[in-house]
Amino acid sequence: MDISRKEFFKKSLYSLGEAITTVSGALKEPEPERPTIRDTADFVPGAEENMRAVPHNEQCLAKNCGCFACFERCEPQAITVVMGEGIRIDATKCTGCGTCEYVCPVTPKAVRLQPRTKRESPA
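Rules and cut-offs
- Residues numbered from 1 in each chain as written.
- Predicted model: local features only at pLDDT ≥ 70, side-chain atom pairs only at ≥ 80, totals over all residues.
- Heavy atoms only, no water.
- pLDDT = per-residue confidence, 0-100.
- Helix = DSSP H or I, 4+ residues; strand = E, 2+ residues; numbered from the N terminus.
- Polar contact = N/O pair within 3.5 Å; in protein donor to acceptor, adjacent residues only side chain to side chain.
- Core = buried A, V, L, I, M, F, W, Y, C linked by side-chain atoms within 4.5 Å.
- Buried < 20%, exposed > 50% of the residue type's maximum accessible area, 1.4 Å probe, protein only.
- Contact = heavy atoms within 4.5 Å.
- Pairing = 2+ DSSP bridges.
- Patch = residues over 30% accessible without salt bridge, like charges linked within 9 Å, V, L, I, M, F, W, Y side chains within 5 Å.
- Areas by Shrake-Rupley, 256 points an atom, 1.4 Å probe, with all protein chains shown as cover.
- Salt bridge = Lys/Arg side-chain N within 4 Å of Asp/Glu carboxyl O.

Participant: Which residues make up the confidence of the model for the protein chain, and what are the values?
Facilitator: Interpretation of this model should avoid reading the predicted coordinates in detail wherever pLDDT is low. Here the protein chain shows a mean pLDDT of 83. Residues at 70 or above account for 89%. Mean pLDDT across the elements of the protein chain ranges from a minimum in helix α1 (residues 5-27), with 81, to a maximum in strand β3 (residues 86-89), with 94.

If you want it as structure tokens, here you go:
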């Protein structure tokens with residue numbers, strides 16, 4: 001096999017680059033699974049006057065400006081985002097429809113429905 005010195009170095013560098021690309025691809029960490037926000041097209045909200053949404057900000061992504069799914073989909077606008085804290089829910093505006101819980105992308109849910117107390121009144 002007769003190849004020139006130039007061709008030899010060219011093929012050597014090409015195969016070295018190919019090897020580095022293959023090894024670096026194998027050493028990469030897999031990308032973390034991103035939470036998916038469910039579409040409300042297939043969700044039928046059932047306004048229950050005896051239920052209300054309660055935030056669980058320990059899991060909430062909104063406290064770090066990462067998620068506004070519940071805030072954007074709350075029709076009565078009962079949810080406000082407080083940076084660094086998470087979300088707050090105005091119990092007087094909340095209809096108990098459950099859309100916020102449905103679209104919450106984290107597990108366990110950062111917003112959950114619970115029964116109202118006797119002194120709370122829905123809007």
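Participant: Can you explain the side chain of Arg116? Please cite residues and give values.
Facilitator: Within the element layout of this structure, Arg116 appears in the segment after β4 (111-115). Within the structure, Arg116 has its side chain in polar contact with the backbone oxygen of Ala91 (distance 3.0 Å). Among the polar contacts listed, one links the side chain of Arg116 to the backbone oxygen of Cys94, at a separation of 2.4 Å.

Participant: Account for the nonpolar core, naming residues and giving values.
Facilitator: Membership of the largest hydrophobic core comes to 15 residues, with the highest contact counts inside it found for Ala53, Ile79, Ile87, Ile89, Cys100 and Val111. When residues no more than four places from it in sequence are discounted, the contact partners of Ile79 are Cys70, Phe71, Cys74, Ile87, Arg88, Ile89 and Cys100. If you look at the next biggest cluster of nonpolar residues, it comprises five residues, including Phe43, Ala69, Tyr102 and Val103.

Participant: Describe the pairing of β3, naming the residues involved and giving the relevant values.
Facilitator: By the bridge criterion, four bridges tie strand β2 (residues 79-82) to β3 in an arrangement that is antiparallel. From the neighbouring strand, Val82 faces β3, where its bridge partner is Gly86. Hairpin remark: β2 followed by β3, antiparallel, with three residues in the connecting loop; positive phi at Gly84, about 85°.

Participant: Kindly report on unusual backbone geometry, identifying the contributing residues and their values.
Facilitator: Geometrically, the link from Thr107 to Pro108 is a cis peptide bond, its omega value of 0° lying close to zero. Mapping Pro108 onto the fold places it in the loop between α3 (99-103) and β4.

Participant: Let's hear about a nonpolar patch on the surface: which residues, and what values?
Facilitator: Together, Ile3, Phe8 and Phe9 line one region of the surface with nonpolar side chains, adding up to about 300 Å² of accessible area. If you trace the backbone, Phe8 turns up in helix α1. On the basis of relative accessibility, which here comes to 45%, the residue Phe8 falls in the partly exposed class.

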